[in-house]
Amino acid sequence: MGSLLPDLAEGESGAVVWHREHLRTADHPAVAAAAERADVLVPVFAFDPAFYAGDGLACDSRVRFLHDCLDDLDRQYAAAGGGLTLAHGDPVEVLGSVLDAGWEVLAARSPTGRYGKRRDERAREAGVAFVAGDGLVRDTDRTRENWQERVTDWFTGERYDPDLGAVRLATPETGVSVESIERRYDVTPEKEQVPTGGRAAALERLEGFVDDIASYPGSISSPLDAREGTSGLSPYLAFGCLSVREAYQHVHASAPEGRAREMFTSRLYWNRHYEQKLADWPGWLDEAVNPELRGFNRERHDPELVAAWKRGETGYPMVDAAMRCLAATGWLNFRMRAMCVSFYFHVLQQPWRVGADWFYHHLVDAEASINYTQWQSQCGLVGTPTLRVYNPRKQVRDQDPEGEWIRRWVPELEGLPAEHLDRPERTPLSVQQECGVRVGEDGDFPRPVVEYEPAVEEFWRRYDAVKPAAAARLGEAEIARRASLSGGIEGAERIAAEHGGEGDAAEQADLAAFE
Ligand SMILES: Cc1cc2nc3c(=O)[nH]c(=O)nc-3n(C[C@H](O)[C@H](O)[C@H](O)COP(=O)(O)OP(=O)(O)OC[C@H]3O[C@@H](n4cnc5c(N)ncnc54)[C@H](O)[C@@H]3O)c2cc1C
């Protein structure tokens, strides 16, 4: 790989901006700071082998989405007379040579966990400067007082739009390209309906969404309507093609006041709320936030049940459609994600992290901060009293009564009359024969892998036994802080009501259809 450093003229200073998930130039605190401080700017993205080797952390469709974003970022810099420089290798080693040469390296600060956290700690030690500007609160006392006001100030505040005309953009030749990386790691996306990555596509999606924002509230719950009816911005926000603040400001400037705008912007607060949680406690990715709930379901680990859930062969049509849709497209609406989590943890009673890692691998919009914290919230690992168990049969009746979505993903049920879709195993044999759908025979739609009612009863018995101890632990300042609660259970309830947090009370109020 060629050097990252271009020649500097006498007296010139140079800076590298290390792009990670903030794949844009607009509203980018590190790009803005570098453009102000240095004469020469080299924007760099380093392909980290840790993300590509073996099965990788991300499915190939997410990797392709990332690569689209990089092509687009290159075009953003090209519009300002430069380009994006690509490198390959451990980013801290790649950047080490730049720091050794006396250049500044800046990156946008964002919360990370596991590998990303260790990498960022090494980078910080090596001299990388992390520039804050993501709206999160990082005061040392870590309380949540005035959190919403502070985030509102950030949402409505001035953006970090850099003056790229004031700096010389350099693009040293490294010999690394998106194509060479795709060849090297045999990137073969297999999912369908995955949008094209990049800022141009993000802006187009945002504008299209605002034009039709009135239909948003009615489109959120049903998986049939959500794919077109919600903003579809999540992968773009996850890779930072667009900042959450840009989305907020655009919608405020262009969409009429009213319920739809309110509902959408409240979800942008949830985005910050979950990101804040990871900033407050990186352990969200690894262990139950409430120590009393650690290891819950661990001794019940049954790889066959987990495999049936992953393959979408549990015998519950809505769960199976959702799990197949996740694997095939890398996206599900909120309700289907929450239902699959609930089924996995409350009905199959399997250890949460195995399931959360599966989601993280497949979601094109995977955000560690939202995925793992939502998993813990939906499972009930925080220990707040607002736990919901979703009944997947009720979800059929409420969200897909004609079975249009189910039949799309579970073709074995194609001919089954709609009234049997919530419990195909109860379809009389005569009806099965007539419609040509057999349940429970080899190669056909399976019988339920577990019986719903006794399983849920058992879950509640086990969960209720630990709940008082878990609630008591939430009263401890350190645990409450980890869970981003400013006042134990009362704080939890308040935050839930304000930001759709634990148990998603706000979602519940909006949609009022949980069971
Ligand atoms: C178990 C589970 C895992 C999830 N994992 C992710 C994830 O990895 N990445 C992700 O972006 N979202 C995740 N979500 C939240 C939500 O399902 C998605 O943000 C949403 O479905 C994305 O579609 P959209 O952009 O069209 O949503 P819209 O309804 O248009 O929302 C706009 C944006 O608001 C934010 N948002 C919406 N709902 C939530 C929420 N409940 N919590 C936090 N932020 C929210 C997202 O940034 C989203 O892009 C998860 C939810 C659950 C229950």
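Residues numbered from 1 in each chain as written. Predicted model: local features only at pLDDT ≥ 70, side-chain atom pairs only at ≥ 80, totals over all residues. Heavy atoms only, no water.

Here's the deal with the layout of surface pockets
Okay, step 1: As a volume, the largest pocket reaches approximately 860 Å³.
Okay, step 2: As for the largest pocket, its lining consists of 34 residues, of which Glu21, Phe51, Leu57, Arg119 and Tyr360 are closest to the centre.
Okay, step 3: Mapped by element, the contributors of at least two residues to the lining of the largest pocket are β2 (40-47), α2 (49-52), α3 (60-79), α5 (114-126), α13 (259-280) and α18 (368-379).
Okay, step 4: Here the element with the most residues in the lining of the largest pocket is α5; it accounts for 4 residues. (1 Å grid on protein atoms, 1.4 Å probe; cavity = no way out; pocket = protein on both sides within 12 Å on 5 of 7 lines; lining within 4 Å. Points joined across faces, edges and corners; volume = space filled by probe spheres on them. Helix = DSSP H or I, 4+ residues; strand = E, 2+ residues; numbered from the N terminus.)

What about the site of the ligand?
Okay, step 1: Taken together, 27 residues surround the ligand, and among them Tyr216, Thr230, Ser231, Gly232 and Glu367 come closest.
Okay, step 2: Within the side chain of Thr230, one N or O atom sits 2.7 Å away from an oxygen atom of the ligand.
Okay, step 3: Take Asp365: an N or O atom from its main chain is 3.0 Å from a nitrogen atom of the ligand.
Okay, step 4: Taken by itself the ligand offers 820 Å² of open surface, and the protein chains cover 98% of this.
Okay, step 5: Assessed atom by atom at 2 Å from the grid points, the ligand resides in the largest cavity.
Okay, step 6: Among the elements of the structure, α11 (234-238), α13, α16 (334-347) and α18 are those that each provide at least two residues to the shell around the ligand. (Near = heavy atom within 4 Å. Polar contact = N/O pair within 3.5 Å; in protein donor to acceptor, adjacent residues only side chain to side chain. Areas by Shrake-Rupley, 256 points an atom, 1.4 Å probe, with all protein chains shown as cover. Sits in = over half its atoms within 2 Å of the grid points.)

Side note on the pattern of salt bridges
Two side chains with opposite charge may pair up if their charged atoms get near one another.
Okay, step 1: Within the structure shown, the criterion is met by 33 salt bridges.
Okay, step 2: A salt bridge links Glu182 to Arg64; its shortest N-O distance comes to 2.8 Å. Placement of the pair is Glu182 in helix α7 (residues 178-184) and Arg64 in helix α3, with a sequence separation of 118 residues.
Okay, step 3: Arg64 gets classed as partly exposed once you look at its relative accessible area, which sits at 31%.
Okay, step 4: The partner of Arg481 in a salt bridge is Glu478, with the nearest N and O atoms 3.1 Å apart. You can see Arg481 and its partner Glu478 sitting in helix α23 (residues 477-482), 3 residues apart, about one turn around the helix. (Salt bridge = Lys/Arg side-chain N within 4 Å of Asp/Glu carboxyl O. Buried < 20%, exposed > 50% of the residue type's maximum accessible area, 1.4 Å probe, protein only.)

Digging into the packing of aromatic side chains
Okay, step 1: Summed over the entire model, instances satisfying the criterion amount to 30 aromatic pairs.
Okay, step 2: On the basis of an interplanar angle of 80 degrees and a centroid distance of 5.9 Å, the ring pair of Tyr216 and Phe264 is categorised as edge-to-face. Residue Tyr216 is found in helix α9 (residues 216-219), and its partner Phe264 is found in helix α13; the two are separated by 48 residues along the sequence. An identical accessibility class is assigned to Tyr216 and Phe264; each is buried.
Okay, step 3: Taken together, a centroid distance of 5.2 Å and an interplanar angle of 20 degrees make the contact between Phe459 and Tyr463 stacked. Of this pair, Phe459 and Tyr463 both sit in helix α22 (residues 452-474), separated by 4 residues, roughly a single helical turn. Grouping residues by exposure puts Phe459 and Tyr463 together as buried.
Okay, step 4: Members of the aromatic cluster, joined through ring pairs, are Phe296, Phe345, Phe459, Trp460 and Tyr463.
Okay, step 5: Stacked on the ring of Trp18, the Lys or Arg Arg20 has its end atom at 4.6 Å from the ring centre.
Okay, step 6: Seen from the ring of Tyr360, Arg62 lies directly overhead, with NZ or CZ sitting 4.8 Å from the centre. (Phe/Tyr/Trp six-rings, centres within 6.5 Å; stacked < 30°, edge-to-face > 60°. Lys NZ or Arg CZ within 6 Å of the ring centre and 35° of its normal.)

A short note on helix α19 (residues 392-399)
Okay, step 1: Burial analysis of α19 places 6 of its 8 residues in the buried class, which makes it a mostly covered element.
Okay, step 2: Listing the buried residues of α19 in full gives Pro392, Arg393, Lys394, Gln395, Val396 and Gln399.
Okay, step 3: Where α19 is buried, its residues meet α10 (223-229), α15 (317-329), α16, α20 (404-409) and α22.
Okay, step 4: Measuring from the side-chain oxygen of the N-cap residue of α19 to the backbone nitrogen of Arg393 gives 2.9 Å; that N-cap residue is Asn391. (Contact = heavy atoms within 4.5 Å.)

A short note on the confidence of the model for the chain
Okay, step 1: The share of residues in the chain with pLDDT of 70 or more is 92%, and the mean pLDDT across the chain is 91.
Okay, step 2: Segment residues 498-515 is flagged for pLDDT under 50; beyond a separation of four residues in sequence, or across chains, it makes 63 contacts in the model. (pLDDT = per-residue confidence, 0-100.)

Some thoughts on the packing of helix α12 (residues 244-254) against α13
Okay, step 1: Two numbers describe how α12 lies on α13: the axes approach to 10 Å, and their chain directions differ by 165 degrees. One way to sum up the angle between α12 and α13 is to call them roughly antiparallel. α13 is crossed by α12, and the crossing has left-handed handedness. Residues Val244, Ala247, Tyr248, Val251 and His252 of α12 pack against Arg261, Phe264, Thr265, Leu268, Tyr269, Asn271 and Arg272 of α13.
Okay, step 2: Partitioned by chemical class, the residues of the contact of α12 with α13 number 7 nonpolar, 3 polar and 2 charged. (Axes fitted to C-alpha atoms, helices over the stretch in contact; angles between N-to-C directions. Parallel < 35°, antiparallel > 145°, perpendicular 65-115°, else oblique. Left-handed = near helix turned anticlockwise from the far one by under 90°. Nonpolar A, V, L, I, M, F, W, Y, C, P; charged D, E, K, R; others polar.)

Description of the state of the cysteines
Okay, step 1: All chains considered together, the criterion is met by 0 disulfides.
Okay, step 2: There is no disulfide at Cys59, and the cysteine sulfur nearest it, in Cys325, is 13 Å away.
Okay, step 3: Free cysteine Cys340: the closest other cysteine sulfur is in Cys325, separated by 9.3 Å.
Okay, step 4: Residue Cys340 is classed as buried on the basis of its relative accessible area of 0%. (Disulfide = S-S within 2.5 Å.)

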